[in-house]
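Examination of the molecular architecture
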Amino acid sequence: MVPVTAVVLGAGSRGEIYAGYALRHPEELKIVAVAEPRRDRRERLAEAHGIAPERRFASWEELLALPRLADAAFVCTLDGMHTAPALLALEKGYHILLEKPMSNTEEECRAIEAAARRADRVLAVCHVLRYTPFYQAIKALVDAGEIGEVCAAAQIENVGYWHQAHSFVRGNWRSSRDTSPMLLQKSCHDMDILLWLVGRDCRRVSSFGSLGRFTAENAPAGAPARCLDGCPHSESCPYYAPKIYLTGKTGWPVDVLTTDLTPEGIRKALEEGPYGRCVYRCDNDVVDRQVVDLEFAGGAVASFVMTAFTADFSRQLKLLGTAGQIQADMGTREIVLHRFGEEPRQIPLPDGGEESGHGGGDYGLVGDFLATVRGGGESRSSARASLQSHLICFAAERSRLRGTVEDVTL
Ligand SMILES: NC(=O)c1ccc[n+]([C@@H]2O[C@H](COP(=O)([O-])OP(=O)(O)OC[C@H]3O[C@@H](n4cnc5c(N)ncnc54)[C@H](O)[C@@H]3O)[C@@H](O)[C@H]2O)c1
C-alpha cells in the first residue's frame, strides 16, 4: 500500500496525536511537513517523523504559500484558526482532516461546509466519538431496528473536576472570547452523536447553564494567585496544581504544560505558566454546568447534561425507542440492550480497537479518513454531516444567554 502523505498544521496535542498514527501504521500514513510556531513542538514532531529541515515551517501561512506538498493537511490549530487554513488547503487540493469545532463562528462553519461541497476532496471533521467501537456498536443496534423508532435520548457528559480545571479554567478553552463557548468546544461531540443516533434533523433547542464555581467569590480565604505561592489550602483543595501535575506521570495532561517533563521542568511551568494558577483566580468565563434540550423532526426529543463536577471522565447514554431501550456507559464500556418483553442483553464490544484516546476514536478517525482518501467517497464526519451539530451549539448558546427557545435552521 502506498502511504497517504500529510502535512500537520499546528503541532500541539492534537497534531501530535494524529501524526502518531503514522508511527504506528507507516504503511498507511507518512508525515512529510509540519507548520508550528513553537520551536520545541515543531522540532519534536519533525524529529519523530524524520521530516527534512526544509519542510519544517513556523506557520501554516508559510507552508500553504507553497504548491501542495502532500495528499492531505491535518488542521490542528486552535478553534479560531481553523477556517483560513482549511479553506486555503482545500483550494490547494489537499484532503482535509479538520479539528472540531469547524470554526467558532456560524458563518465560517457554513463557509467551510460550502467550500467542501464544491471541492472534490475528502474533508473529515474530528468528531472522534463516531469512530469509537462503543458508539459504533450502539449505532449498529439502532440501525438494525433493535429498539424500534428512537423517541428520546439522554446523554450525560462527565467532564471530570480536574479536566475542567485543566482545560476550561486554567487552560486553552477557559475563555469563550478567545476560543469557543464550552458547548461548542466540548460538547459539539455530544450534539453530533445525538443527531447521528436519532437520525433526524434537530428543529429546536433550549439551554440553561452558568459558571458557578470557578470564580473569585469562591476563592477560599488566603488563597494566593498561584498554588505554589504557599497556598494554605494545599491539603484540602482538589485543584491544588501539584496534585494534578506533579504525580510522576508525564502523559496528557502534563505534556500540555511543557516539553521539559522532568519534575523541575513541570514545577517551573507551574510557577510561571497558566496551569499553576489558583482555579478561583483565573481569567475564565466558560460554564461549568449546562443542559440542552433538543426536539427533532418527527417528534423525538433528547436531553443533554454537561457538568464539571464528576469524579470520572466519561459519558453515559440512555436511548429509548418504541420497541426497547439501550443503556450505555462509555467509562465501563457497558452496553445493555433491553427489548420490551425480552431479557436484557449485554452487548459485547470487540477487544482491541482502543489503542488511542477518546475510547479508540482518535485512531479510528485517522484510519477511516485515510481509507476514504484512498477509496473515495464522503467521510462519515464530513462537513455536511458535521455542520448541524455546530448549528445546534450556536443556537443553544443563544438560548442560554437570552432565555429563549431557538430554532435550528440548516
Ligand atoms: N477532536 C477532539 O476530540 C479534540 C480534543 C481536544 C482538542 N480538540 C481541538 O483541536 C484543536 C487543537 O487543540 P490542541 O489541544 O492540539 O491545542 P494546542 O494549543 O496544543 O495546539 C495548537 C497548536 O497550534 C499552533 N499554532 C498557533 N499558530 C499557528 C500557526 N500560525 N501555524 C501553525 N500552527 C500554529 C500552536 O502553537 C499550538 O502548538 C482545537 O481546535 C481543539 O478544540 C479536539
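Conventions we followed
- Along every chain, residues carry numbers that run from 1 in the direction the sequence is written.
- Two thresholds apply to this predicted model, a pLDDT of at least 70 for residue-level local features and 80 or more for giving and counting side-chain atom pairs, whereas whole-chain, interface and lining totals are computed over all residues.
- Here, nearness is defined through the C-beta atom: a residue counts as near a molecule or strand if that backbone-placed atom lies within 6 Å of it.
- Runs of H or I in DSSP of at least four residues are treated as helices and runs of E of at least two as strands, each being numbered from the N terminus.
- Throughout, the ten residues Ala, Val, Leu, Ile, Met, Phe, Trp, Tyr, Cys and Pro are labelled nonpolar, Asp, Glu, Lys and Arg are labelled charged, and all others, Gly among them, are labelled polar.
- By this definition, two strands are paired if DSSP reports at least two bridges between them.
- For the purpose of contact definition, each residue receives a C-beta atom placed from its backbone, and two residues are in contact when these atoms lie within 7 Å.
- An axis is simply a line fitted to the C-alpha atoms; with a helix, the fit covers only the stretch in contact. Between two such axes, the angle follows the N-to-C directions and lies from 0 to 180 degrees.
- Domain borders in the structure are assigned automatically or taken from a domain database.

Quick look at the site of the ligand now. Neighbouring the ligand are 26 residues; G10, G12, S13, R14 and E99 lie closest to it. Among the elements that make up the shell around the ligand, the one with the highest residue count is helix 1 (residues 13-24) (three residues). Per-class residue counts for the shell around the ligand are 10 nonpolar, nine polar and seven charged.

With that settled, consider the sheet that holds strand 4 (residues 72-75). Strand order in the open sheet formed by six strands is 3-2-1-4-5-6, with parallel pairing between adjacent strands. Either end of the sheet is taken by a strand with one partner, and the two such strands are strand 3 (56-57) and strand 6 (123-125). Two strands pair when backbone bridges link them, and strand 2 (residues 29-35) and strand 3 are joined in this way by two bridges, in the parallel orientation. Note on strand 3: the bridge partner recorded for A35 is F57. Sitting on the sheet, helix 2 (residues 39-49) is in contact with strand 1 (4-9), strand 2 and strand 3, with an inclination near 155° to strand 2.

Taken domain by domain, the chain comprises domain 1 (4-121), domain 2 (129-213 + 284-349 + 382-407) and domain 3 (216-276). Computed from C-alpha coordinates alone, the two centres of domain 2 and domain 3 are separated by 31 Å. For the side of domain 2 that touches domain 3, a count of residues per class yields three nonpolar, two polar and two charged.

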